Amino acid sequence: MPSADMECIQWLKPQNIDIGKWNSCVAQDSKATIYNRFEYINVMADNWIGLVIGDYETVMPCPYKLKLGLKLLYAPAFVQHISICG
């Protein structure tokens with residue numbers, strides 16, 4: 001059964017993300033790539049939000065563009081793939 005912390009899902013703007021916890025989660029995932037690191041996605045994506053589950057047990061960057069007032073997820077230039085880390 002998941003703990004109470006694991007049930008907490010947050011969408012965080014980059015300025016509200018704990019960079020140390022984010023990068024620690026990415027570093028602990030054997031399948032994660034540099035594309036998931038905070039510094040990399042923050043430079044490569046003009047707009048993005050972070051999906052954070054629990055106390056940074058799972059993270060995923062979600063870059064988006066605004067089109068007709070809608071947020072559309074996209075793959076920024078020089079970002080081969082983004083995945084869930086955790």
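These figures come from a predicted structure and were not determined experimentally.

1. Digging into the packing of aromatic side chains
Given two aromatic rings, one states the distance between the centres and the angle between the planes to describe the pair.
1) Next: Scanning all chains against the criterion turns up three aromatic pairs.
2) Next: An angle of 70° between the planes, with centres 5.5 Å apart, marks the rings of Tyr35 and Tyr40 as edge-to-face.
3) Next: Overall, the relative accessible area of 16% leaves Tyr35 in the buried class.
4) Next: Look at Phe38 and Trp48: their rings are 5.5 Å apart centre to centre, the planes differ by 65°, and that puts the pair in the edge-to-face class. In this pair, Phe38 sits in helix 2 (residues 38-44) while Trp48 sits in strand 2 (residues 48-53), placing the two residues ten residues apart along the sequence.
5) Next: Judged by its relative accessible area of 4%, Trp48 is buried.
6) Next: Among the aromatic residues, those joined into a cluster by ring pairs are Trp22, Phe38 and Trp48.
7) Next: If you follow Lys71 out to its NZ or CZ, it ends over the ring of Tyr64, 4.9 Å from the centre.

2. Looking at the pairing of strand 2
1) Next: In terms of residue burial, strand 2 counts as a mostly covered element, since six of its six residues are buried.
2) Next: Residues Trp48, Gly50 and Val52 line one face of strand 2 and the alternating positions Ile49, Leu51 and Ile53 line the opposite face, and both faces are buried.
3) Next: Bridge count for strand 1 (residues 9-12) against strand 2 is four bridges, and the pairing is antiparallel. Of the residues in strand 2, the one forming a bridge with Gln10 is Val52.
4) Next: Two strands pair when backbone bridges link them, and strand 2 and strand 3 (residues 58-67) are joined in this way by six bridges, in the antiparallel orientation.

3. Some words on the pattern of salt bridges
1) Next: All told, the structure shown has two salt bridges when counted by the stated rule.
2) Next: The partner of Lys21 in a salt bridge is Asp55, with the nearest N and O atoms 2.8 Å apart. Placement of the pair is Lys21 in helix 1 (residues 19-28) and Asp55 in the loop between strand 2 and strand 3, with a sequence separation of 34 residues.
3) Next: Classification of Lys21 by relative accessible area gives partly exposed; the value is 35%.

4. A closer look at the sheet that holds strand 2
1) Next: Read from one edge of the open sheet, four strands run 1-2-3-4, paired in antiparallel fashion. Of all the strands in the sheet, the pair left with one neighbour each is strand 1 and strand 4 (70-73). Direction aside, neighbouring strands of the sheet carry axes that sit 35° apart on average.
2) Next: Across four bridges, strand 3 lies against strand 4 in antiparallel orientation. Each bridged residue has a counterpart across the sheet, and for Tyr64 the counterpart in strand 4 is Leu73.
3) Next: Strands strand 2 and strand 3 of the sheet are contacted by helix 1, whose axis makes an angle of about 110° with strand 3.

Rules of the game
- Chains are numbered independently. Their residues run from 1 in the order of the written sequence.
- Only residues with pLDDT of at least 70 are given local features in this predicted model, and only at 80 or more are side-chain atom pairs given and counted; all residues enter the totals for whole chains, interfaces and linings.
- For side-chain calculations, the full set of non-hydrogen atoms in the structure is used, while hydrogens and water are omitted.
- Geometry of aromatic contacts follows a simple scheme: Phe, Tyr and Trp rings, the Trp one being its six-membered ring, pair when their centres are within 6.5 Å, and the pair is stacked under 30 degrees between planes, edge-to-face over 60, tilted otherwise.
- Exposure classes here rest on a 1.4 Å probe applied to the protein chains alone. A residue is buried below 20% of its type maximum, exposed above 50%, and partly exposed in between.
- Starting at the N terminus, helices and strands are each numbered in turn, a helix being any DSSP run of H or I of at least four residues and a strand any DSSP run of E of at least two.
- Only lysine NZ and arginine CZ atoms are considered, and such an atom sits over a ring when it is within 6 Å of the ring centre and within 35 degrees of the ring normal.
- When DSSP finds two or more bridges between two strands, those strands count as paired.
- The rule for a salt bridge is simple: a side-chain nitrogen of Lys or Arg has to be within 4 Å of a carboxyl oxygen of Asp or Glu.
- Axes, fitted as lines to C-alpha atoms, cover a helix only where it is in contact. Angles between the N-to-C directions of the axes lie from 0 to 180 degrees.
- In what follows, residue pairs with any heavy atoms lying within 4.5 Å of each other are defined as contacts.

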